[in-house]
Each structure stands twice: as C-alpha cells, then as structure tokens.
Amino acid sequence: MIISGLLLGCTRLTKEESGPNSLQRRKVEEYFVSSGVVRYFLPEIPYWANFSESANCRREESIKYLDLKMVRGSLSLSYEEAIQLQLMLNNMIFELKAEKHIGHIPFKEEEALFFKASDRIQAGIRSFRIPKFKRINLIWIDPFLEKTEGLRTLMAKNSISLGHPVFVSLCLTRSGLDSWMKTNKFANKNIRMLSYEMLSPYNLNGELKTKYHIFVDEIFGKNKKTFFYGPKNRPVPQVFEGNFKIIRY
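Residues numbered from 1 in each chain as written. Predicted model: local features only at pLDDT ≥ 70, side-chain atom pairs only at ≥ 80, totals over all residues. Heavy atoms only, no water.

Examining helix H7 (residues 174-183)
- Those residues of H7 lying buried are Arg174, Leu177, Trp180 and Met181. The arc that holds every buried residue of H7, seen down its axis, measures 125 degrees, which confines them to one face. H7 presents Lys182 and Thr183 as exposed residues on the side facing more than 90 degrees away from its buried surface.
- Check the buried side of H7 and you find it contacts helix H3 (79-100), helix H5 (149-155), strand S4 (164-168) and strand S5 (192-194).
- Following H7 by one or two positions, lysine 185 has its phi on the positive side, about 60 degrees. (Buried < 20%, exposed > 50% of the residue type's maximum accessible area, 1.4 Å probe, protein only. Helix = DSSP H or I, 4+ residues; strand = E, 2+ residues; numbered from the N terminus. Arc of directions from axis to C-beta. Contact = heavy atoms within 4.5 Å.)

Set out below in structure tokens:
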C-alpha cells in the first residue's frame, strides 16, 4: 500500500513537471560530451531577477548572455563582433523554440547554433545592420510601450528625418520589439531595432563590471554622429555609453 502510494506520487510529480510553468528537467541524453562551448555561456538569469530598473519593466524572455572576455579571447573577436554574436545566437534560439513549440532546446542544439552564429559573424553577416547614414537617431521607446502618442509626435519632427532612426528597448527582445512595431504600425518604415540582447555586463576591456553596458561608438562606429532621444521626465539609462548627444522631448 505504501509502495503504491509512492508510485502514484511519482507519477503525479512527473505530470506536474511537464506543465508549461514548471521547472522542466533535462533528459539524460541531453548531457552529452560538449566541445567546450558551454564555457562561453553565463548562468541564465532567473525570472524574478530579469528586469530593467531604469526602464521600469520586467522582461518576459530570458536570454543567453555570453562571457565576452572568453569569447573574444578564444575567437579573436572585437566587442562589436562579440555582441553581434550574442544577438544572433539568441535570435536563432528564439526562432528554433517557436518553430518546435518548445520551452528549451537541448545543449547539443545550443552548441550547434553557437558554431553557426560564430561562422556567420566571422563572415561579416549581422542581425543588427548598421545604418549607412552619418547621423544616427537612437530613440528610447520603453517609456511609450503602453501609450505611443508621445512617440508618434516625436517621429513626426523634422530632426528625426535628418538621420536614421533606431528604436532602442531595454525591455523587449528583438522578436518582441518586431511584434510591438507591427502592432503599433511602426513596421516597414526602415527603422532599425536595438534590443536588450545587445546588453552585456562586460566592458570594452573584457572586465566583468557591476552594471550592463551598450557601447554606442563600438556598435555604430566612431565616425557617426549619434543622438539619443529620451523623454524629459526620465533619466537617460546609464547602460548607454559613448560619444552621443542627448535630446530631451
């Protein structure tokens, strides 16, 4: 009788673990002999800690952050190449999850995607394409995710047409930002997207610091004139670093 109860309890636990909101266990066969790619991945941030204080939002998606010091040292990548690798890898992971309707992918497939993304980056392929315009208009959209009226007013200003607009979000992934733009009719306007997959806790020297960074000059090029547009009632997030002019509206 006791044994039957234990077996029934185990059966129920297995069913509960398979639920959409459960902590799903890796299958034994997923623990394969890795070629060492796993050392490039930082530990995944838990849901409760996955938020942006400056943007006042909780992120719904967890991403793979790379150990930029190790990645750059092993693969001889610049900061721009390494952060583009992080972006491309996460894009591939999200696409595969959506295609297979799954919550996580096996380690072996993550490793294969890493190699695929690395090959593309070293071949000069980018997920985030740098605008050719000499002027870049970085437009922080997080304060307007719920109500877009202020953003629409800004986009109608003449100064926006003087440079290439780039929507920047510390809350949304690239796929999330793409969906938001389509829903709010900002798609098909040649607006580039800089999402939070391009954040990193590493600085340009490969040192692990106490905050996230986006190094604007390294991403867009030091020959660009960059303008950051932010609302008057919100401080500019400290994650943005580089030589750019702040415009309040």
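So, H3
- Taking 1.5 Å as the rise per residue, H3 with 22 residues should run 32 Å; its terminal C-alpha atoms sit 32 Å apart, in good agreement.
- Counting buried residues along H3, 16 of its 22 residues qualify, which places the element largely inside the surrounding structure.
- Of the residues flanking the end of H3, it is histidine 101, one or two places downstream, whose phi is positive at about 55 degrees. (Expected span 1.5 Å × (residues − 1).)

Some words on the side chain of histidine 164
- The residue histidine 164 is located in strand S4 in this model.
- A distance of 3.4 Å separates a polar side-chain atom of histidine 164 from the backbone oxygen of asparagine 190.
- Ignoring any residue separated from it by four or fewer positions in sequence, one finds histidine 164 in contact with Pro131, Phe133, Arg135, Ile136, Asn137, Asn190, Ile191 and Arg192. (Polar contact = N/O pair within 3.5 Å; in protein donor to acceptor, adjacent residues only side chain to side chain.)

Topic: the packing of helix H2 (residues 68-75) against H3
- The interhelical angle for the contact between H2 and H3, taken along N-to-C directions, is 115 degrees, at an axis separation of 10 Å. It follows that H2 is roughly perpendicular to H3 by the angle criterion. The way H2 lies across H3 gives a crossing that is right-handed. Contacts between H2 and H3 pair Leu68, Val71, Arg72 and Leu75 from the former with Tyr79, Ala82, Ile83 and Leu85 from the latter. (Axes fitted to C-alpha atoms, helices over the stretch in contact; angles between N-to-C directions. Parallel < 35°, antiparallel > 145°, perpendicular 65-115°, else oblique. Left-handed = near helix turned anticlockwise from the far one by under 90°.)

A few points about the sheet that holds S5
- Strand order in the open sheet formed by 5 strands is S5-S4-S3-S8-S10, and the pairing between neighbours is parallel. Each end of this open sheet is capped by a strand with a single partner; those strands are S5 and strand S10 (245-248). Geometrically, the sheet is characterised by an average inter-axis angle of 30 degrees between neighbouring strands, direction not taken into account.
- In this structure, strand S8 (residues 225-230) lies alongside S10, joined through 4 bridges in parallel fashion. Bridge pairing links phenylalanine 227 to lysine 245 in S10.
- Sheet contacts for H7: S4 and S5; angle to S5, the most-contacted strand, approximately 135 degrees. (Pairing = 2+ DSSP bridges.)

Details of the nonpolar core
- The biggest cluster of nonpolar side chains holds 69 residues, and the ones touching the most others in it are Leu151, Phe167, Trp180 and Phe220.
- Per-element accounting of this core gives the leading share, 11 residues, to H3. (Core = buried A, V, L, I, M, F, W, Y, C linked by side-chain atoms within 4.5 Å.)

Describing the side chain of glutamate 80
- Along the chain, glutamate 80 turns up in helix H3.
- On the accessibility criterion, glutamate 80 (15% relative accessible area) is buried.
- Not counting the four nearest positions on each side in its chain, glutamate 80 is found in contact with Arg126, Glu218 and Ile219.

A look at the packing of aromatic side chains
- Scanning all chains against the criterion turns up 12 aromatic pairs.
- Cluster of aromatic residues (ring-pair linked, three or more members): Tyr40, Phe41, Phe114 and Phe115.
- Its end group placed over the ring of tyrosine 47, arginine 58 keeps NZ or CZ at 5.3 Å from the ring centre.
- Looking at arginine 135, its charged tip hangs above the ring of phenylalanine 227, at a distance of 3.7 Å from the centre. (Phe/Tyr/Trp six-rings, centres within 6.5 Å; stacked < 30°, edge-to-face > 60°. Lys NZ or Arg CZ within 6 Å of the ring centre and 35° of its normal.)

Nothing here speaks to function; it is geometry throughout.
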